[in-house]
There are 2 protein chains.
Amino acid sequence: MNTAELTELAQQLRVDSVRASAAAGSGHPTSSMSAADLMAVLLARHLRYDFERPAHPGNDRFVLSKGHATPLLYSAYKAVGAIDDGELLTFRKVGSRLEGHPTPRRVPWVETASGSLGQGLPIGVGIALAGKRLERTGYRVWVLCGDSELAEGSVWEAAEHAAYEHLDNLTAIVDVNRLGQRGPTRHGHDLDAYARRFQAFGWHTVEVDGHDVDAVDRAYGEAESTTGQPTVVLARTLKGKGVESVQDREGLHGKPLPDADEAIAELGGPRDVRVRVHEPPATRMLHAVRAGQFELPRWEKGGDDVATRDAYGKALAALGTGRGDVVALDGEVSDSTRAEFFAKEHPERFFECYIAEQQMVAAAVGLATRGWVPYASTFAAFLTRAHDFVRMASVSGVGVNLVGSHAGVAIGQDGPSQMGLEDLAMMRAVHGSTVLYPCDANQTARLVAAMAGLDGIRYLRTSRGAGPVIYGPDEEFPVGGCKVLRAGDRDRLTVVAAGVTVHEALAAADALDREGIQVRVIDLYSVKPVDRETLRRAAEDTGCLLTVEDHHEEGGIGDAVIDAFLDGRPTPRLVRLAVRMMPGSASPDEQLHAAGIDAMSIAAAGRLLVEEAVVR
Amino acid sequence: MNTAELTELAQQLRVDSVRASAAAGSGHPTSSMSAADLMAVLLARHLRYDFERPAHPGNDRFVLSKGHATPLLYSAYKAVGAIDDGELLTFRKVGSRLEGHPTPRRVPWVETASGSLGQGLPIGVGIALAGKRLERTGYRVWVLCGDSELAEGSVWEAAEHAAYEHLDNLTAIVDVNRLGQRGPTRHGHDLDAYARRFQAFGWHTVEVDGHDVDAVDRAYGEAESTTGQPTVVLARTLKGKGVESVQDREGLHGKPLPDADEAIAELGGPRDVRVRVHEPPATRMLHAVRAGQFELPRWEKGGDDVATRDAYGKALAALGTGRGDVVALDGEVSDSTRAEFFAKEHPERFFECYIAEQQMVAAAVGLATRGWVPYASTFAAFLTRAHDFVRMASVSGVGVNLVGSHAGVAIGQDGPSQMGLEDLAMMRAVHGSTVLYPCDANQTARLVAAMAGLDGIRYLRTSRGAGPVIYGPDEEFPVGGCKVLRAGDRDRLTVVAAGVTVHEALAAADALDREGIQVRVIDLYSVKPVDRETLRRAAEDTGCLLTVEDHHEEGGIGDAVIDAFLDGRPTPRLVRLAVRMMPGSASPDEQLHAAGIDAMSIAAAGRLLVEEAVVR
């Protein structure tokens, strides 16, 4: 395509953006119009992609970080012939795969869901890491960003990571149209302001007039030929470009154009331009994923105490030996989370993310889109830093394993800032998630391996302190199952626990037994999904579930058990022990006691319930 | 103090850091030792603070962003005479206020809890905004950061905001000791690497040898005399400085020194240095907080439909007229959240935070520490971006109002990336939080006003679409209450709803009534705390609670109602309607129907329960 043809293509993308939004009655046409030239040049001259083979290993990868510019994205799909005009006009309609914000669940050419700003570049870094460090097929990652979203700190976590890793296969394109949603951005059209920032973080920068297709073409070429550092193309554009009445004006974000017909006429009317996108190079998939033998670590039942975080680290390292597609990430705490064991044995598949949890989860997501199986770990408490990334990962439907260590008050003297006390709530509420909370080393190892085979977001919660090995190394722990550790037909109530409270519950059960009170004890290692059958049976047999968790009272195990009783069946009585106070500094045992979740507290609660004849 | 005395003070801070950690058997002495000179110079020459009057309006404000350096902080408190040596040695012991990480709940000289890295500077920006824009008493905000935490994106949100607002009353001090927890930082001792970044964001930078007390003194002076921009003092230091065996060595983070006695001897032994900190200037509190008349907006019951987000905006503006201590913040979406109404009427108390939710919440926290009453708003979905900041705010015990708009699938075509579907779960699990979810305009206005008088984190969930006004403008809505909208003694079950589902529930109740089935309808606008009394009565009277929410099934209203039944009393049967699928794009009504939470779905569930004689 020559300059004139490129311009025509860009105009068509504008026209179609206006038409699609008009048909939908909603959408973001002006945000799409500013980036039309940027997209046209990319499609016609630089992107290497086979729309008929989205999984081709040599394909470039494109991420629409400014996810609201779907009119532009879908207009591009039409221009390349991937969708037809009729489908374009189903934009935002019920049942259409052309949703308001892009989703890979429905559309095969979308790498990751977007719509929460500042996430595309971090995820693009993950994809680029896969490309450069693991796959080495030479593809380029292109990320189209807005200017407004550069205010997000996650963008600078990504910038730091990308430059440090010399990701010259990553190109960011910033549509600097100076207008955010509510009003002008801080820096308006001052491209230098953005350039200084990216340069300080180690990027190569190119500033262009985003409506000069030849200049944009040269800028992309410069990005492609720059080695050793990623490049950002900062493009000065006008929001609503091409239609005088909306161009560069405030107050029009996220609205269809007031007069679509007039706008389309002004843009020169509909076209029928088809663009041929360069094919990807023929390439073999360079990573032959090893699937070999491996032995999970094994601990002797009743042997020395072991911390589940240690079991995690060892199991992950073993898994990594057997599965070449397993990769690990950590946020500067791998000596604490024990991801360090994997890092030592498989350094080429370990990604240190430093203290940047958003970027760590985003990188995991990016790696997962490329088929890798990531395990990303930090303190459970600090996973809250990446909550929006976890949320968007669930929107994408991508599969990642997240591991949060240092669960609960049991960590001891470090105090509440380091304690995971709401992580079960956070992870349970993630769409399609699996939440696992092992109480011993063998169980941990088994679950670590099992997680790799699941879909969606999988969360494993580990503990800091060493605890008893109560299961043998060959025991199995199906996801969605539980373990009944004490049971009899004279059980007065059922104690449901997980993690550290399993051991407390067993001690309490022993104490109560000596007083003539039998209680059932369930290890609810699968917090989501829960074992409905076993919980229902316990409810029928004993009439009361006493849940106990090293977690806040909301959203954790106490709420999880309810899942078995949501169809209107009779419900058991419920008693909930959880962390209700703000902890201070104290030893682990002091913490458990102060929180009322230790063996003494469980036994006391059990005793009280029996005395009050609340339970049979 | 002269140079020699400063050096002695610094050595004492080191000695006491070693002693305190040794006594505790845990802690971060090496992270404290690197910053001892930085702290000594600050205390002796630059900080203006009266430890006997921590609320003095002229006091400088100090934030320990590297919150693990509590040995240093508490040693400083001893050196100024605020605590004695006996108390210092209670560090990290159960019951001691000298916790592992600092907390303002216990210690009056701590501005904000820290321990989750990368938060101190953003919060410091909030305090500095209060000082510069609102209070104008001339105090300085000093934030002591680690180098490792500069990887957090939130630091760059803070850097951007501070420079843009010309916060020359803010000084960051970075203890560049080159070693993180697991190992070396990316940039080691390359101060220029950090300086370039801060300069790009508009800061003045000073690089010093962090162990040359005279140079540090000059650097602080330079910061104090720099106008128009904030200053960062980048100090090259050695972790574990002063003790050869641990100095600048890896693998010693977060551990007491192996041989404390030897270390103390090497440091020259214990001292008895007392430092006199400069008093704050006599100053009157320049912000006379107006407490005047104001009228909440009023809507006619049964009049035109109104969106609760509109009611929020109007109520907040009115509240701001009456209360001069109310401030508002928003993340570039005030036209959507309607915080724009407040911004228009009270521009001097509105803080545009752009697309940076972490910094927005941090700024709210900083403002709250100064006694302001902040309302910070964005889309409910995007509040997940700031989850770790909300968590730490609860650890601090600070009071802020958070407002999340665009709740649920009801937003329509924008799709899941913009929908708040897990925000109730997130906010319920926050320690000490209040969670409110109004269904009409008058209720919203009342709750907005009521929130201002509560403690801790208060969350209000608003909706995008207009809905009926079902309450009169003089109705009251106590926090912890609910509204029973339909009730009779032949109720077969109770439908518990909130927000948009209240209207759906009422329509369903009407439909069922026409079929001869009476159901109770409860508006659970107070999601936390819930109205236990009314829920228990409904359980007793009707035997079944059918909850329906525009939210995921975990952690929201369905779980909230359980709170009334956690003491072992008989529990009602439970049926839960919630959003269980991944939404796409569709109109609001189509979304509610597809999610199975509309009137039709509620009626169908009710009918089924009655037919199956599950309910009486």
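Counting restarts for each chain: residues are numbered from 1 in the order of the written sequence. Chains carry letters and ligands carry numbers; both start at the beginning, A for chains and 1 for ligands, and go up in the order they are written. Per-residue local features of the predicted model are confined to residues with pLDDT of at least 70, and side-chain atom pairs are confined, for both listing and counting, to 80 or more; whole-chain, interface and lining totals are unaffected and use all residues. Derived side-chain values reflect all non-hydrogen atoms in the structure, with water molecules and hydrogen atoms excluded from consideration.

Caption draft 1: Representation of the nonpolar core. Judged by nonpolar contacts, the single largest core of 296 residues is most densely connected at Trp203(A), Tyr375(A), Trp203(B) and Tyr375(B). Contact criterion: two residues are considered in contact whenever any of their non-hydrogen atoms come within 4.5 Å of each other. Residues contacting Trp203(B), with those up to four places away along its chain left out, are Leu121(B), Ala159(B), Ala162(B), Ala163(B), Leu170(B), Ala172(B), Phe198(B), Gln229(B), Pro230(B), Thr231(B) and Val232(B). We call a set of buried residues a nonpolar core when its members are Ala, Val, Leu, Ile, Met, Phe, Trp, Tyr or Cys and they connect through side-chain atoms within 4.5 Å of each other. The classification of residues rests on relative accessible area computed with a 1.4 Å probe and restricted to protein chains. Under 20% of the type maximum is buried, over 50% is exposed, and intermediate values are partly exposed.

Caption draft 2: Quick peek at the relation of the copies chain A and chain B. C-alpha atoms of residues with pLDDT of at least 70 in both copies form the basis for the least-squares superposition of the copies. By a simple turn and slide, chain A fits onto chain B: the slide is 0.0 Å along the axis, the RMSD is 0.0 Å, and the turn is 180°. A rotation of that kind, with that shift, is consistent with a two-fold axis. Residue Gly153(A), judged by its C-alpha, is the member of chain A lying nearest the rotation axis, at 1.8 Å. Here 100% of the contact residues of chain A are again contact residues in chain B; the copies associate through an equivalent surface.

Caption draft 3: Examining the sheet that holds strand S14 (residues 483-486) of chain A more closely. Residues and elements named next belong to chain A. DSSP calls a pair of strands paired once it identifies at least 2 bridges connecting them. The helix count covers DSSP runs of H or I at least four residues long, the strand count covers runs of E at least two residues long, and both are numbered beginning at the N terminus. One open sheet holds the 5 strands; their spatial order is S14-S16-S15-S18-S19, and the pairing between them is mixed. For this open sheet the edge positions go to S14 and strand S19 (573-579), each flanked by a neighbour on one side alone. Taking the axes of each pair of neighbouring strands and ignoring which way they run, one obtains an average angle of 25° across the sheet. One ladder, built from 4 bridges, connects strand S15 (residues 493-497) with strand S18 (residues 544-552); its direction is parallel. Residue pairing in the sheet places Val 496 in a bridge with Thr 547 of S18. Axis geometry follows a simple rule: fit a line to the C-alpha atoms, using only the stretch in contact for helices, then measure angles between N-to-C directions, giving values from 0 to 180 degrees. Sheet strands touched by helix H19 (residues 532-542): S14, S15, strand S16 (519-523) and S18. Its angle to S16, the strand with the most contacts, is close to 170°.

Caption draft 4: Examining the domain arrangement of chain A more closely. Residues and elements named next belong to chain A. Bear in mind that the domain bounds are from an automatic or database domain assignment. With domains assigned, chain A is organised as domain 1 (3-266), domain 2 (306-467) and domain 3 (483-615). The straight-line distance from the C-alpha centre of domain 1 to that of domain 2 is 32 Å. Counting from both sides, the interface comprises 29 residues of domain 1 and, opposite them, 28 residues of domain 2. Two parts placed together each lose some accessible area; with a 1.4 Å probe, that loss summed over both constitutes the buried area. In total, about 2100 Å² of surface goes out of reach between domain 1 and domain 2, with carbon and sulfur atoms giving 58% of it.

Caption draft 5: Looking closely at the sheet that holds strand S1 (residues 61-64) of chain A. Residue and element names in this part refer to chain A. Pairing in this open sheet of 5 strands is parallel, and the strands run S1-S2-S3-S5-S4 from one edge to the other. The outermost strands of the open sheet, each flanked by one partner alone, are S1 and strand S4 (204-209). When strand polarity is set aside, the average angle formed by the axes of neighbouring strands in this sheet is 20°. Where strand S3 (residues 170-176) meets strand S5 (residues 231-236), 6 bridges bridge the pair, whose relative direction is parallel. The partner of Ile 173 across the bridge, within S5, is Val 233. Contacting S3, S4 and S5, helix H8 (residues 191-200) runs over the sheet at an angle of about 165° to S4.

Caption draft 6: The pairing of strand S12 (residues 457-461) of chain B, seen in detail. Residues and elements named next belong to chain B. Burial runs high along S12: 5 of the 5 residues are buried. On S12, burial covers both faces: Ile 457, Tyr 459 and Arg 461 on one face and Arg 458 and Leu 460 on the other are all buried. Where strand S11 (residues 434-436) meets S12, 3 bridges bridge the pair, whose relative direction is parallel. Note on S12: the bridge partner recorded for Val 435 is Tyr 459. Viewed with both strands pointing away, a crossover whose connecting path from the first strand over the helix to the second turns clockwise is right-handed. Between S11 and its parallel partner S12, the chain crosses via helix H17 (residues 441-451), and the hand of that crossover is right-handed.

Caption draft 7: How the structure looks around the interface of chain A and chain B. Tallying the contact residues gives 104 residues for chain A and 104 residues for chain B. A combined buried area of about 8700 Å² lies between chain A and chain B, and 50% of that area is made up of carbon and sulfur atoms. For salt bridges, the criterion is a side-chain nitrogen of Lys or Arg within 4 Å of an Asp or Glu carboxyl oxygen. In this assembly, chain A and chain B are joined by 16 salt bridges. Its salt-bridge partner being Arg92(A), residue Asp414(B) comes within 2.5 Å of it at the nearest N-O pair. Identification of polar contacts relies on pairs of N or O atoms within 3.5 Å, with a donor-acceptor requirement for protein atoms, meaning one able to donate a hydrogen and the other able to accept it, and with residues adjacent in sequence counted only if both atoms are side-chain atoms. The interface formed by chain A and chain B contains 64 residue pairs in polar contact (both at pLDDT 80 or more). Taken together, the elements giving at least two residues each to the side of chain A that touches chain B come down to helix H7 (153-164), H8, helix H12 (334-337), helix H14 (357-369), helix H15 (387-396), helix H16 (423-428) and S19 of chain A.

Caption draft 8: Representation of the environment of Ala215(B) within the structure. All names here are of chain B. The residue Ala 215 is located in helix H9 (residues 213-225) in this model. Residue class for Ala 215 comes out buried when judged on its relative accessible area of 10%. Spatially, the C-alpha atom of Ala 215 lies 32 Å from that of Ser 26, the residues being 189 residues apart in sequence.

Caption draft 9: Geometry of the state of the cysteines. All names here are of chain B. In what follows, a disulfide is any cysteine sulfur pair within 2.5 Å. Considering all chains together, one arrives at 0 disulfides over all chains under this definition. In this model Cys 482 remains outside any disulfide bridge; the closest cysteine sulfur is found in Cys 439, 12 Å from its own. A residue is classified by how much of its surface remains accessible, and Cys 482, at 13% relative accessible area, is buried. Between Cys 544, a free cysteine, and Cys 482, which holds the nearest cysteine sulfur, the sulfur-to-sulfur gap is 16 Å. By relative accessible area, which is 0% here, Cys 544 ends up buried.

Caption draft 10: Inspection of the confidence of the model for chain A at higher detail. Residue and element names in this part refer to chain A. Confidence scores per residue from the predictor, reported as pLDDT, run from 0 to 100. Within chain A, residue pLDDT values average 97, and 99% of them lie at 70 or more. Considering each helix and strand of chain A separately, the mean pLDDT is smallest for helix H22 (residues 599-611), with a value of 94, and largest for strand S11 (residues 434-436), with 99. Taken over the whole predicted complex, pTM reads 0.98, whereas the ipTM for its chain interfaces reads 0.98.

Caption draft 11: Main features of the packing of aromatic side chains. Two aromatic rings from Phe, Tyr or Trp, using only the six-membered ring of Trp, form a pair when their centres are within 6.5 Å; if the ring planes differ by under 30 degrees the pair is stacked, by over 60 it is edge-to-face, and anything between is tilted. Under the definition given, this model contains 31 aromatic pairs over all chains. Where Tyr74(B) meets Tyr77(B), the ring centres are 6.0 Å apart and the plane angle is 40°; that geometry is what we call tilted. On the criterion of helical spacing, the pair formed by Tyr74(B) and Tyr77(B) is a turn pair, its members being 3 residues apart in helix H4 (residues 70-79). Note on Tyr74(B): relative accessible area 1%, which makes it buried. A residue is classified by how much of its surface remains accessible, and Tyr77(B), at 4% relative accessible area, is buried. The ring of Trp142(A) has Arg140(A) lying over it, and the distance from NZ or CZ to the ring centre is 5.9 Å. Each ring is checked for a lysine NZ or an arginine CZ that lies within 6 Å of its centre and within 35 degrees of its normal; such an atom marks a charge sitting over the ring. Between Arg186(B) and the ring centre of Tyr164(A), over which it is positioned, the NZ or CZ distance is 5.2 Å.

Caption draft 12: Geometry of the packing of helix H11 (residues 308-322) of chain A against helix H17 (residues 441-451) of chain A. Residue and element names in this part refer to chain A. Here H11 crosses H17 at 40°, and the two axes come no closer than 8 Å. The angle between the axes of H11 and H17 places the two elements in the oblique class. Every pair of crossing elements has a handedness; the one defined by H11 and H17 is right-handed. In contact with Thr 308, Ala 311, Tyr 312, Ala 315, Leu 316 and Leu 319 of H11, H17 contributes Ala 441, Thr 444, Ala 445, Val 448 and Ala 449. For classification purposes, angles smaller than 35 degrees are called roughly parallel, those larger than 145 roughly antiparallel, those between 65 and 115 roughly perpendicular, and all remaining angles oblique. For a crossing to be left-handed, the near helix must be turned anticlockwise from the far one by less than a right angle; the clockwise case is right-handed.

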